[in-house]
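Here is what each chain is made of, one letter per residue.
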Amino acid sequence: MDAQRLRLPDKIVAFQAGDPSALRGIVELLRGPLLRLAGRILKDPITAEDVFMECMARLIPLLADFEPAESFAAYARRAVRNACVDEQRRRSSRDSRRA
């Protein structure tokens, strides 16, 4: 994780400076940790992948103006955690309506 913290801010700065290839690096750096987090919470790898992709779709537009770059990983973790909690609530609601 330390190497990730060192590289992520650099990739974000490069993206903000107009390097579109930096986006791939940002997603690659966040993918593993965020998928593991979502998988632990949801206990379903397919739903975890869906949550990750939805969160990235919402977070990527924020990168252009995000400050400070160092805290983007924490912001992304919080977004994934919240999205997982929302997904659990939706599941619970669907399950209770079926019963």
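Residues numbered from 1 in each chain as written. Predicted model: local features only at pLDDT ≥ 70, side-chain atom pairs only at ≥ 80, totals over all residues. Heavy atoms only, no water.

Structural notes on the side chain of Glu 87
Thought 1: Inspection of the secondary structure puts Glu 87 in helix H4 (residues 72-98).
Thought 2: Sequence-distant contacts of Glu 87, defined by excluding residues within four places in its chain, comprise Leu 42, Thr 47, Val 51 and Arg 94. (Helix = DSSP H or I, 4+ residues; strand = E, 2+ residues; numbered from the N terminus. Contact = heavy atoms within 4.5 Å.)

What to know about the pattern of salt bridges
Thought 1: Per the stated rule, a full pass over the model turns up six salt bridges.
Thought 2: For Arg 24, the salt bridge identified is with Glu 28, shortest N-O distance 3.3 Å. You can see Arg 24 and its partner Glu 28 sitting in helix H2 (residues 21-42), four residues apart, about one turn around the helix.
Thought 3: Judged by relative accessible area, Arg 24 falls into the exposed class, the value being 62%. (Salt bridge = Lys/Arg side-chain N within 4 Å of Asp/Glu carboxyl O. Buried < 20%, exposed > 50% of the residue type's maximum accessible area, 1.4 Å probe, protein only.)

Re the packing of aromatic side chains
Thought 1: A complete count under the given rule lists three aromatic pairs for this structure.
Thought 2: Aromatic pair Phe 66 and Phe 72: ring centres 5.0 Å apart, planes at 85 degrees, arrangement edge-to-face.
Thought 3: Through successive ring pairs, a cluster of aromatic residues spans Phe 66, Phe 72 and Tyr 75. (Phe/Tyr/Trp six-rings, centres within 6.5 Å; stacked < 30°, edge-to-face > 60°.)

Re the side chain of Thr 47
Thought 1: You can see Thr 47 is positioned in helix H3 (residues 45-59).
Thought 2: A distance of 3.4 Å separates the side chain of Thr 47 from the side chain of Arg 91, its partner in a polar contact.
Thought 3: For Thr 47, the residues in contact, after removing those within four places along its chain, are Leu 42, Glu 87 and Arg 91. (Polar contact = N/O pair within 3.5 Å; in protein donor to acceptor, adjacent residues only side chain to side chain.)

Re the nonpolar core
Thought 1: Counting 26 residues, the largest nonpolar core has Leu 30 and Val 80 as the members making the most contacts within it.
Thought 2: Counting residues per element, the ones that place at least two in this core are helix H1 (2-16), H2, H3 and H4.
Thought 3: Ranked by the residues each element gives to this core, the list is headed by H2, at eight residues.
Thought 4: When neighbours within four sequence positions are excluded, Val 80 is seen to be in contact with Leu 34, Leu 37, Ala 38, Val 51 and Cys 55. (Core = buried A, V, L, I, M, F, W, Y, C linked by side-chain atoms within 4.5 Å.)

Observations regarding the confidence of the model for the chain
Thought 1: Looking at the chain as a whole, the pLDDT averages 89, with 87% of positions reaching at least 70.
Thought 2: H1 is the least confidently modelled element of the chain, averaging 77 in pLDDT, while H3 averages 97, the highest of any element. (pLDDT = per-residue confidence, 0-100.)

Details of the state of the cysteines
Thought 1: Tallied over the full model, the rule gives zero disulfides.
Thought 2: We note that Cys 55 lacks a disulfide partner, and the nearest cysteine sulfur, in Cys 84, lies 7.1 Å from it.
Thought 3: Given a relative accessible area of 0%, Cys 84 falls into the buried group. (Disulfide = S-S within 2.5 Å.)

Describing H2
Thought 1: Taking 1.5 Å of rise per residue, the 22 residues of H2 would be expected to cover 32 Å, and the 31 Å separating its terminal C-alpha atoms lies within 8% of that figure.
Thought 2: For H2, the set of buried residues is Ala 22, Gly 25, Ile 26, Leu 29, Leu 30, Leu 34, Leu 37, Ala 38 and Leu 42.
Thought 3: Looking one or two residues past H2, Lys 43 carries a phi angle of roughly 60 degrees, positive in sign. (Expected span 1.5 Å × (residues − 1).)

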